[in-house]
Amino acid sequence: MSLSHSSPTPPVEAELLRSSTPATLPTTELSPETAAPGAPGASSLNPAAPLGPLGTSATPAVAPWQHQYIATNDIRLHCVVQGQGPLVILLHDFLEFWYSWRYQIPSLAPFFKVVVPDLRGYNDSEKPEQGYDLETLSRDIKGLIEALGYQEAIVIGHGWGGTIAWHLAQRFPQRLRSLVLLASPHPQGFLQDLTGNLDQLRRSWYLIAAQLPALPEWLLKQNLSPLVQSLFQNQAVRKGAFSREEAQIYEAALAKPGVLKAALQYYRYFFSLPQIWRNVSTPLEPVKLPTLVLWGDGDTVFSPVISQGLEKFVQAPLRRVSIRQCGHWLQQEAPQTVNRELLRFLRSLQAPLDSALEPALAPALVPAIAADPLPLSPPR
């Protein structure tokens, strides 16, 4: 399967947002924008296009993205890399891989060095038997920042990637400049919600099923095609977000040896007794980093109620944005809206970014087998 080497074109979307901050908790609903960029009635500013430095609308030229292997924490992670400047790391969700950020990479790369790893066990990253606990997964990303020669990074996580980002921000705050979370409950808060929120317990039935040994992997492997369709196409609120070709790309990545077992290990470790004990016994250290939270109000995985009350986990400026008529796969269902919110948030940090996040050391990179830039190549 071959795909175009040009940047992906996000689907036209209606912009329906609800935003708030913890200081005053106002609710502002923006009017829909249904016209395609450049079409009659559309805004003169393409919402998918980044704003240039210092508020200009110019977009610097940037080379196509590349595939690289980067050694970190005794593991090699396959990464897609594009751009130069302050470091932005994008972390994907359960049963995904770097491809889930295909609309965000070219939007951020003109102004940042964007690095998108396949998390431990996924796609082309190594798949060890051990190391799927939050501490090790967080050290993978901490080591990635250091291997790239940076002192700090902006970390953006979706779902499980956000769970890692939460833990990383609490354990290694000196390595983060800011935090962005897409449909990502706080790990300790999520465990509390499972015991006291029947709606969330109903949504999380698969977490209990994943605790069985061997059987879940076999069932997933035997039903991989309908699983992908159910997971992405059927659960998306905006059904046009996933084409059949894109579903096949996800299916190919999940079919690689060891991926399904590794993916389930994330939940087995998270719900192991030692991990639960650490979560409930470890004193809560609020995140002290500027934080952006994005949530779809039609999320079928995590109840939007969980996005409320995050203020107790963050002692820093916090912006919360609810995207109406959007499901769990925010950056793929509403890429233009997500891109604009990301750039708006990151531009607010622009002044300190210019001096604080430049690399301290030369990057330690191992070229991938196919090192030629392949912006939309299918998983290898």
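These numbers were taken from a predicted model, which means no experiment stands behind them. (Residues numbered from 1 in each chain as written. Predicted model: local features only at pLDDT ≥ 70, side-chain atom pairs only at ≥ 80, totals over all residues. Heavy atoms only, no water.)

Asker: Could you give me a rundown of unusual backbone geometry, with the residues and numbers involved?
Answerer: If a residue is not glycine, its phi is most likely negative; likewise, a peptide bond is most likely trans. A positive phi is found at Asn-73, a non-glycine position, where the angle reads about 50 degrees. Of note, Ala-183 is a non-glycine position whose phi angle comes to about 50 degrees, a positive value. Along the chain, Ala-183 turns up in the loop between strand S8 (176-182) and helix H4 (187-196). (Helix = DSSP H or I, 4+ residues; strand = E, 2+ residues; numbered from the N terminus.)

Asker: Describe in detail the side chain of Ser-138, supporting the description with residues and values.
Answerer: Inspection of the secondary structure puts Ser-138 in helix H2 (residues 134-147). Residue Ser-138 is classed as buried on the basis of its relative accessible area, which comes to 0%. Every residue in contact with Ser-138, bar those within four places of it in the chain, is listed here: Ile-164, His-167, Leu-168 and Phe-172. (Buried < 20%, exposed > 50% of the residue type's maximum accessible area, 1.4 Å probe, protein only. Contact = heavy atoms within 4.5 Å.)

Asker: Just give me the short version of the confidence of the model for the chain, but keep the residues and values in it.
Answerer: With 68% of its residues at a pLDDT of at least 70, the chain reaches an overall mean of 78. Long-range and interchain partners of residues 1-6, a stretch whose pLDDT sits below 50, account for 13 contacts in this model, where long-range means more than four residues apart. Per-residue pLDDT stays below 50 along residues 360-379; that stretch engages in 54 contacts with residues further than four places along the chain or on separate chains. (pLDDT = per-residue confidence, 0-100.)

Asker: Let's hear about the pattern of salt bridges: which residues, and what values?
Answerer: Inspection of the entire model under this criterion finds 13 salt bridges. Between Lys-256 and Asp-124 there is a salt bridge, with its nearest N and O atoms 2.8 Å apart. Taken as a pair, Lys-256 in the loop between helix H9 (244-254) and helix H10 (259-270) and Asp-124 in the loop between strand S6 (113-117) and H2 lie far apart in primary sequence, 132 residues in all. Given a relative accessible area of 16%, Asp-124 falls into the buried group. A salt bridge links Arg-175 to Glu-146; the shortest N-O distance between them is 3.1 Å. Within this pair, whereas Arg-175 is found in the loop between helix H3 (160-171) and S8, its partner Glu-146 is found in helix H2, the two being separated by 29 residues in sequence. In this structure, a network of salt bridges that share partners links the residues Glu-135, Arg-139 and Arg-171. (Salt bridge = Lys/Arg side-chain N within 4 Å of Asp/Glu carboxyl O.)

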